[in-house]
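Observations on the model geometry
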Amino acid sequence: MARTRKHEATSREQPATDSRALILDAAAGLFSTFGYAGTGLRQIADEVGIRPASVYHHFESKERILEEILRTGLTQTLQCTRGAVEVLPPEANPRDRVEAAIAGHLRGIHENLTYTSTNLRFHGQMPPDVGKRLRPLRENYSDYWRTLLDSARRHGWLHPDLDVSMLRALILGGLNRTVVWFDRGKGPIEPLIRTSILAFSGIWTKERSQNLERKPPTRSRKQRT
């Protein structure tokens, strides 16, 4: 009870935009742990320390909260992946770019885990209308990967027998599955990145650039979309 009163006091002092962010953060944590179906609006309100009716001041339904969480997670993953590729030097080759994208994707999903794991762990619980509204964003991200892999194939970097669509699904499916078993709290993410890149090393016909510096992009404060 004391914890709830403290949260209520805190929330009364917060501007509306901060209250909205607190609701999203709380809901993301609950959804990623208990699933969308296993989380109610009252649980979200209790986690923030506000009344359930106050949640409706910011969101018309639990479905809308879920949609914004998923949209934020997808957007942040796309930004992190693009950022990892865009910081490469001009001489970077197609293999360098795809491997940078692998690193960026893993950083994106694990640095924003509560916002990404709901989608990856409980995708089957997503209301159809939410999936439909998010489809353009998903397709945009899928197209980005398709562009990277198509470029690698056109320039002779991928083994000719590989199906690019299948390869894209295998890469993203494998990377996304790491949210189920990888615990970043027990160690850094770099070994996971190295292992993932090595696991897909058989798709290439040429070696990566030598001594290419792969610094992760600078992380800005988490953006809401």
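What counts and what doesn't
- Throughout this document, residue positions are counted from 1 along each chain, in the order its sequence is written.
- It should be noted that, the model being predicted, local features are given only for residues of pLDDT at least 70 and side-chain atom pairs only at 80 or more, the latter also being counted only at that level, while totals for whole chains, interfaces and linings use all residues.
- The side-chain figures draw on all heavy atoms in the structure; neither hydrogens nor water molecules are used.
- Think of it this way: any DSSP run of H or I at least four residues long counts as a helix, any run of E at least two long counts as a strand, and we number them from the N terminus.
- Accessible area is worked out with a 1.4 Å probe on protein chains only. A residue is then buried under 20% of its type maximum, exposed over 50%, and partly exposed in between.
- Residue contacts are counted whenever heavy atoms from the two residues lie within 4.5 Å of one another.
- For every accessible area listed, the method is Shrake-Rupley and the probe measures 1.4 Å; residues are considered covered only by the protein chains on display.
- Residues belong to one nonpolar core when they are buried, are Ala, Val, Leu, Ile, Met, Phe, Trp, Tyr or Cys, and are joined through side-chain atoms within 4.5 Å.
- The angle between two axes is taken between their N-to-C directions and runs from 0 to 180 degrees, where each axis is a line fitted to C-alpha atoms and a helix contributes only its stretch in contact.
- Any angle that is under 35 degrees is reported as roughly parallel, and any over 145 degrees as roughly antiparallel; angles of 65 to 115 degrees are reported as roughly perpendicular and all others as oblique.
- Under the convention adopted here, Pro, Cys and the residues Ala, Val, Leu, Ile, Met, Phe, Trp and Tyr are nonpolar, Asp, Glu, Lys and Arg are charged, and Gly plus all remaining residues are polar.
- Whenever a carboxyl oxygen of Asp or Glu lies within 4 Å of a side-chain nitrogen of Lys or Arg, that contact is scored as a salt bridge.

Further remarks concern the overall build of the protein. In terms of helices and strands, the protein carries ten helices and zero strands. Ordered by position from the N terminus, the helices and strands of the protein form the series α-α-α-α-α-α-α-α-α-α. Here the protein holds 225 residues, and 46% of them are scored as buried. Pairs at least 24 apart in sequence give 78% of the contacts found in the protein among residues at least 6 apart. Working note: accessible area of the protein is about 12300 Å², and carbon and sulfur atoms make up 51% of it.

Counting 33 residues, the largest nonpolar core has I102, L106, W145, L158 and I171 as its most contacted members. Secondary-structure elements contributing two or more residues to this core are α5 (62-86), α6 (94-111), α8 (128-154), α9 (164-181) and α10 (190-199). Not counting residues up to four positions away in its chain, the partners in contact with L106 are L175, T178, I189, L192, I193 and S196. By size, the runner-up hydrophobic cluster in this structure holds 25 residues, among which are A26, V48, I69 and M126.

The topology assignment puts N176 in helix α9. Distance in space between the C-alpha atoms of N176 and L106 is 7.8 Å, their sequence separation being 70 residues. Among residues more than four places away in sequence, those in contact with N176 are H105, I109 and L120.

A few words on the packing of α6 against helix α7 (residues 113-121). Direction vectors running N to C along α6 and α7 enclose 100 degrees, while the axes themselves pass 5 Å from each other. Considered as vectors, α6 and α7 are oriented roughly perpendicular to each other. Residue-level inspection shows G108, I109, H110 and E111 of α6 in contact with α7, the latter providing L113, T116 and L120. Residues belonging to the contact of α6 with α7 are distributed by class as follows: three nonpolar, three polar and one charged.

Another aspect to go through is the pattern of salt bridges. Tallied over the entire structure, the rule returns eleven salt bridges. In this structure, the salt-bridge partner of E67 is R71, at a minimum N-O distance of 3.0 Å. A residue pair is termed a helical-turn pair when its members lie 3 or 4 positions apart in one helix, as E67 and R71 do in helix α5 at four residues. Judged by relative accessible area, which is 8%, E67 ranks as buried. The closest approach of N and O atoms between D143 and R146, which form a salt bridge, is 2.3 Å. With D143 and R146 both in helix α8 and three residues apart, this pair spans about one turn of that helix. A residue is classified by how much of its surface remains accessible, and R146, at 27% relative accessible area, is partly exposed. Look at the salt bridges and you will find they share partners, linking E60, E63, R64, E67, R71 and R133 into a network.

With that settled, the discussion passes to the environment of G73. Here G73 is to be found in helix α5. Taking relative accessible area as the criterion, G73 reaches 3% and is therefore assigned buried. Discounting residues that sit within four places of it in the chain, G73 has contacts with Y115 and T116.

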